[in-house]
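The primary structure of each chain is shown beneath.
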Amino acid sequence: MSEAAPADRSYIARALELARRAWGQTHPNPMVGAVIVEGDQIVAEGWHAAAGQAHAEVAALKALGRAPLPDACLYVTLEPCSTCGRTGACTQAIIEAGFKRVVVGAHDPNPAHAGRGLSILRAAGIEVVEGVLAAECTDLNLIFNHWITLQTPLIAVKMALTLDGKFAAASGHSKWVTGELARADVMRWRRYFPAIAVGAGTVEADDPRLTARWQDTVWCPIRIVFDRSLRTLAIKPLPGLYTDADSARTILVCLESAPDAAKARAEALGLRLWCLAGHEGSFDWGAFRQRCAEAGIFGVYVETGPGLATALLEGGLADYCFVYQAPKFICDSAAVGIGSRRETQSMEAAFRLRDLQLENFGQDRLTRGFIDL
């Protein structure tokens, strides 16, 4: 296996920067960046901007506008595709361009294709270096990687907590648990996910719009409200989620047992209504996941309070977790945290996170990772 050169990391790092220009805009495809280097100079750059548009490698070749020089090297954050979809196989484009060296970040996560693109390039006599900044390149595409390997949407829970695990004071006051920098990062992740979800209690308390206000733009994802009995339809005036210009992007998730009159009102408002079977007063979370898959919703960012966080974790729906933690103690047993009465008897029975990512935002700390149930 060919080894990485000292400069390879910096060029893949630049390709990662390019890939992030399409943050949240490529679903169901991955974000990918590519650079072409001749000598020790970047001469062309490209990234995958949206599904159906040119892949990063092809975009970089178009930006170059000529054949690469004999010493040219292609750097790409994800293994080049080897199948002909809407845009053709990138492996073929790379071979035809005459590259003699290709440096790759992450492997294709699709079990049916992983390593195939690299084998095709090597069979064509191209030197291939793989695994450069692989962890960073893999982390870039949490939703795509999960979907392509498991064929289910990535369900992520987001919480803002104190050091003693409280969402709010006993009075319910929670503005703000974390600081401005952490809240800005939440907006960044809102833009990443195609759908954002909250519980009925959040709608009642905050009347949220659930938009992503990031990089001087406002973007409206699909907005999901978990409301078992459709009680939020009785709020006066109606929540903005149900009446604004993007109300058609709102989905109300209720139990099949919700009142028929409330269901009729939701439909009259033009809201999408998902009526799910229940179990002991809670949702059939497996059915929710299936409805998301059928609707082409590949990732859901669930902004939780204590009740919804508990239901998702203990119900086994959550795949991923974002925990923003502020350096504060509530020190009040009346303030609600996570959990019911699971009767966890040992540390071995605790839920754990893997593939951890840790970041600081001012004085606040983000811990995120996949949940091992």
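Calculation rules
Residues numbered from 1 in each chain as written. Predicted model: local features only at pLDDT ≥ 70, side-chain atom pairs only at ≥ 80, totals over all residues. Heavy atoms only, no water. Buried < 20%, exposed > 50% of the residue type's maximum accessible area, 1.4 Å probe, protein only. Helix = DSSP H or I, 4+ residues; strand = E, 2+ residues; numbered from the N terminus. Phe/Tyr/Trp six-rings, centres within 6.5 Å; stacked < 30°, edge-to-face > 60°. Lys NZ or Arg CZ within 6 Å of the ring centre and 35° of its normal. Core = buried A, V, L, I, M, F, W, Y, C linked by side-chain atoms within 4.5 Å. Contact = heavy atoms within 4.5 Å.

Asks: Which parts of the structure should I look at to understand helix 6 (residues 142–150)?
Replies: Since there are 3.6 residues in each turn of an α-helix, residues three or four apart along the chain are aligned in direction. Turning to helix 6, its buried residues are Leu142, Ile143, Phe144, Asn145, His146 and Trp147. The positive-phi residue at the C-terminal boundary of helix 6 is Gln151, with phi of around 60 degrees.

Asks: Please clarify how the packing of aromatic side chains should be interpreted in this entry.
Replies: Each aromatic ring pair is characterised by the separation of its centres together with the angle its planes make. Scanning all chains against the criterion turns up 19 aromatic pairs. Geometrically, the ring pair formed by Phe226 and Phe288 is edge-to-face, given 5.1 Å between the ring centres and 65 degrees between the ring planes. Residue Phe226 is found in strand 10 (residues 222–226), and its partner Phe288 is found in helix 11 (residues 285–294); the two are separated by 62 residues along the sequence. Across the pair, exposure class does not vary: Phe226 and Phe288 are buried alike. Chaining the aromatic ring pairs together yields one cluster made of Trp23, Trp189, Tyr192, Phe193, Tyr301, Tyr320, Phe322 and Phe370. When the ring centre of Trp219 is taken as reference, the NZ or CZ atom of Arg191 above it lies at 4.1 Å.

Asks: Is there a simple way to explain the nonpolar core in this structure?
Replies: Considering soluble globular proteins, one finds that nonpolar side chains tend to be buried as a cluster. Ranked by size, the top nonpolar core spans 59 residues in total, and within it Ile36, Phe99, Trp189, Phe193, Phe322 and Tyr324 carry the most contacts. Leave out the neighbours within four places in its chain, and Trp189 touches Trp23, Leu142, Tyr301, Phe322, Tyr324 and Arg368. One finds Met159, Ala195, Leu255 and Leu308 within the second-largest nonpolar core, a separate group that totals 31 residues.

Geometry only, nothing functional implied.
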